[in-house]
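# Overview (structure and organization)
This is what each chain is made of:
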Amino acid sequence: MTDQIKAARVRYAPSPTGYLHLGGARTALFNYLLAHKTGGQFILRIEDTDRRRFVEDAEAEQMSGLRWLGLQWDEGPDVGGPYGPYRQSERKEIYLEHAQKLIESGDAFYCFCTPERLAQVRQERQKRKEPLHYDGTCRNIPREEAERRIANGEPYVIRFKSPKEGSTTVYDELRGEITINNEIIDDSVLVKSDGWALYHLAAMVDDHLMKITHVFRGSEWLPTFPLHTLLYRAFGWEMPKFVHLSVFLKPSGKGKMSKRDVAELGGDGYSIFVRDFEGFGYLPQALDNWIALMGWSYDDHTEFFTLEDLVEKFSIEKLNPSPAAINFSKLDHFNGLHIRSLSTEELKKWVRPQFEKLGYSVDDTLLTKIIPLIRERMVTFDDAPRFAEFFFKDEITPPAEELVAKKTTAAESAEIARQSLAVLSQVESMAPETAEPPMRDLVEKLGYKPGQVFGIIRVAVTGQTVSPPLFECMEIIGKEKVLSRLRNAVLLLEELI
Ligand code: GLU
């Protein structure tokens, strides 16, 4: 039986120390895809034991970002589930019980070293260019003595007692077997002096108790993967499959993304935070498509995927451990593809707020007519006002010079505008089939190029030098407004003469 058939239980486990970014979103997406592909469960677990770096609204923000991306979880702090609680801060006792088991089996020990002493050890090791490991002072304190010191109120942490000889082989689904020398595994702290478990213990215990079958996580956890494997062995538990995902590179492809790079991106109008993409006018499905392909591919040419397509096509075998560059122009490309895949009705939902944001009350019939004219051109939704704001304006007052057609004088352009006004006043409607033929006749009669005449009308009616097809726009704007905008243009041009 392959992974694809067995129902997977997977989890996305953010620490509420920051907002949802592309890396977290991609991890969540792969979890969601595997759960849905196999008919399993996608679990949201909040890893909030580090109270110092806690960000108040991070949990809610992570949740709303995931929902925006369409990645709803089946079990989690808000929706509950049979393996809760799903917030680590509510599981303190569970971790302590498990730490106790490791003490009893001899796989962990109480450590009474003071922070000052540890700092000194680190310093000395640094000088000798040795790994900054714990020096083992408390490893062999007899259990009774340790318990006496604890009873006396001496502060302590609980550390893992890592083997000092031999080697450990770990298995990553993308990278295969990795064997490391046990010498380089530290006696890591599992429980801090305040009684809170650290990630190493808490996450392994939770993954086991929550019956997680696959762990997708960032490759920053590869160095401590041997420790995690040893913890599983110490408990005598079967390990889930581990997948350490590829790292993200800067858009230039040179080097890993750092905090400073993130800040610089922000300065350039880019972001790695999911909630910013919504503001920039991107579709969640385009974002899903984009991040799915950072470290996964279906074949060497398919690039358009809806979330449903991704569920159908996803497989762990096609994940790629090589670093993936963040390419924002690819996102633009995907957004365009997804916009064009949506119906007018669906697009209305996204385009409407762009005009409302500018203070217009948006008439539904008008919006329905506009969407087909701009659908092909939009890269992001905030392009919509750039292409179509003139439909909502009462009056258009372009800079007068823009009304002067190429290779004409202001007087000639004014005359063209007057003649056009006369022709258009006579036609029954602005529909292309009614208004365009007499205007083409006028172009011929006046002896100008169509671009010159229609250029003037375009600027007069839309206020823009580039617009969706002119007559289609005029039909939507309606005869009365078109004529009044043309009259206004004549006045503006006359002022230039
Ligand atoms: N809380 C950890 C993090 O945010 C989760 C890592 C994991 O998925 O195991 O990096």
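Residues numbered from 1 in each chain as written. Predicted model: local features only at pLDDT ≥ 70, side-chain atom pairs only at ≥ 80, totals over all residues. Heavy atoms only, no water.

### Considering the sheet that holds strand E3 (residues 108-111)
Reading across the sheet, the three strands line up as E3-E4-E7 and stay open at both edges, with antiparallel pairing between neighbours. In this open sheet, the two strands that pair with only one neighbour each are E3 and strand E7 (189-191). Neighbour-to-neighbour, the strand axes of the sheet open up by a mean angle of 40°, direction not taken into account. As defined by bridge partners, E3 adjoins strand E4 (residues 157-160) across four bridges and the pair is classed as antiparallel. Note that in E4 the partner of Ala108 across the bridge is Phe160. (Pairing = 2+ DSSP bridges. Helix = DSSP H or I, 4+ residues; strand = E, 2+ residues; numbered from the N terminus. Axes fitted to C-alpha atoms, helices over the stretch in contact; angles between N-to-C directions.)

### Here we look at the site of the ligand
Taken together, Arg11, Ala13, Ser15, Glu47, Tyr199, Arg217 and Trp221 make up the full set of residues adjacent to the ligand. At 2.8 Å from a nitrogen atom of the ligand is found a main-chain nitrogen or oxygen belonging to Ala13. In the model, a nitrogen atom of the ligand is placed 2.9 Å from a nitrogen or oxygen of the Ser15 side chain. If the ligand stood free it would expose 300 Å²; the protein chains cover 81% of that surface. Judged by the fraction of its atoms near the pocket grid, the ligand is located in the largest pocket. (Near = heavy atom within 4 Å. Polar contact = N/O pair within 3.5 Å; in protein donor to acceptor, adjacent residues only side chain to side chain. Areas by Shrake-Rupley, 256 points an atom, 1.4 Å probe, with all protein chains shown as cover. 1 Å grid on protein atoms, 1.4 Å probe; cavity = no way out; pocket = protein on both sides within 12 Å on 5 of 7 lines; lining within 4 Å. Sits in = over half its atoms within 2 Å of the grid points.)

### Re the packing of aromatic side chains
Per the stated rule, a full pass over the model turns up 24 aromatic pairs. Pairing Tyr110 with Tyr156 gives two aromatic rings, centres 5.3 Å apart and planes at 85°, and the pair type is edge-to-face. Of this pair, Tyr110 sits in strand E3 while Tyr156 sits in the loop between helix H5 (143-151) and E4, placing them 46 residues apart in sequence. Classification of Tyr156 as partly exposed rests on a relative accessible area of 29%. On the numbers, 5.5 Å between centres and 65° between planes, the contact of Trp296 with Phe305 is edge-to-face. Here the two residues Trp296 and Phe305 agree in accessibility, since each one is buried. Joined through ring pairs, the aromatic side chains of Phe30, Phe216, Trp296, Tyr298, Phe305 and Phe314 make up one cluster. Geometry around Tyr298 places Lys313 over its ring, the cationic atom sitting 5.3 Å from the centre. (Phe/Tyr/Trp six-rings, centres within 6.5 Å; stacked < 30°, edge-to-face > 60°. Buried < 20%, exposed > 50% of the residue type's maximum accessible area, 1.4 Å probe, protein only. Lys NZ or Arg CZ within 6 Å of the ring centre and 35° of its normal.)

### Quick word on the environment of Val423
Here Val423 shows up in helix H16 (residues 410-426). Distance in space between the C-alpha atoms of Val423 and Leu442 is 7.8 Å, their sequence separation being 19 residues. Apart from residues lying up to four places away in sequence, Val423 is in contact with Pro438, Met439 and Leu442. (Contact = heavy atoms within 4.5 Å.)

### As for the pattern of salt bridges
Scanning the model with the defined rule gives 30 salt bridges in all. Salt-bridge contacts for Asp383 lead to Arg386; the nearest nitrogen and oxygen are separated by 2.6 Å. Here Asp383 pairs with Arg386, and both are found in helix H15 (residues 383-388), just three residues apart, close to one helical turn. The exposure class of Arg386 is exposed, given its relative accessible area of 53%. (Salt bridge = Lys/Arg side-chain N within 4 Å of Asp/Glu carboxyl O.)

Don't take any of this as a statement about function, it's just geometry.
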